[in-house]
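# Structure assessment
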Amino acid sequence: MDNTVQPYVSTCPVGCSASLTDTTLALREGLLRQCGECGQLLSRITESAYWDSMQQFDQHEFNQPPPRELDRRFRVARRRLDTVSALLEKAPAALRVLDVGCSRGVEPAANIAAAARAQGLKVHTGLLADVALPAASFDAITLFEVIEHLKEPLPLLRECHRVLKPGGVLVLSTGNTASWTVAAMQERWDYFDIAKDGGHISFYNPRSIALLGTRAGFSTEQIATSRVKFHEKGEVARWRYAAGKLAAELLNLPARLASRGHDMLAFLRRN
Ligand SMILES: [Zn+2]
């Protein structure tokens, strides 16, 4: 690895002043580094490699779920909406919801935004701050699989704070490094792999996501985790993959109860 090239991320994105130290998790880009205060894990990727990998996202086909996936995705979205509705004590149909950076709502990738618009959704192309939405105008904002891409998530969260009504809810999803998946798989977890998940550079745990919220003016309502796995497909013999998958399924509920799943969903309340 070329140590003369400065990593794109050189301070903790959560806003800690603690320094970053090397972990033993070895990615293609070098060892993951960790914040001494919140435990955030950070890629050593260079700035040019980061932007190259982000470019791969801006395609029409990207993120289009296969038809057999649609039912499941709809159920997941419905469950999240019901949680927001319960937190705000307001019927789902009465909620004004803004989705940021998930291909619809507000999306910086122009081709993806165009594809979402073609399906009849109202989509602004650009960054949330550039769209200049009116203050205190939404009940809820969702940031699904966004913050792991950002070197500086705090300005975005503060803009969400401004756009949300007082008491409004911010919903974030991202991976959880404090999961049994990471304990078992270490750097083999494909969420760490920039070739599979373009632009992933900053990896959260329940503590760091709550701290990020606090620093942007939110309090934590709930942080839930789900799912574990021990192998990626094709990584081991088929029987081992099947055995690992069975074990992971048996551990789904315990993982959820112990906050050790690798998918993390946070509901934060605007103060
Ligand atoms: Zn930190």
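Attention in this report is confined to the structure presented alongside it. (Residues numbered from 1 in each chain as written. Predicted model: local features only at pLDDT ≥ 70, side-chain atom pairs only at ≥ 80, totals over all residues.)

Among the nonpolar cores identified, the biggest contains 43 residues, and Ile141, Cys160, Leu170, Val171, Leu172, Ile209 and Ala266 are the most heavily contacted of them. Every element with two or more residues in this core is listed here: strand E2 (30–35), strand E3 (41–42), strand E7 (138–144), helix H5 (153–163), strand E8 (164–175), helix H7 (206–215), strand E10 (218–226) and strand E11 (263–270). Residues contacting Leu170, with those up to four places away along its chain left out, are Ile141, Leu143, Cys160, Leu164, Phe218, Leu268 and Arg270. One finds Val182, Met185, Tyr191 and Phe230 within the second-largest nonpolar core, a separate group that totals six residues. (Core = buried A, V, L, I, M, F, W, Y, C linked by C-beta atoms within 7 Å. Buried ≥ 20, exposed ≤ 12 C-beta atoms within 10 Å, placed from the backbone. Helix = DSSP H or I, 4+ residues; strand = E, 2+ residues; numbered from the N terminus. Contact = placed C-beta atoms within 7 Å.)

Another point: the pairing of E11. Most of E11 sits out of view: six of its eight residues are buried. By the bridge criterion, seven bridges tie E8 to E11 in an arrangement that is antiparallel. Looking across to E11, one finds that Leu172 is bridged to Ala266. As paired elements, E10 and E11 share eight bridges and run antiparallel to each other. Paired with Phe218 across the two strands is Arg270, which belongs to E11. (Pairing = 2+ DSSP bridges.)

On to the sheet that holds E3, then. If you walk across this open sheet you meet the four strands as E1-E2-E3-E9, and the pairing is antiparallel. Since the sheet does not close on itself, it has two edges, and those belong to strand E1 (20–27) and strand E9 (202–203), each with one partner. Of the pairings in the sheet, the one linking E2 to E3 comprises two bridges and is antiparallel in character. What sits directly across from Arg33, in E3, is Leu42.

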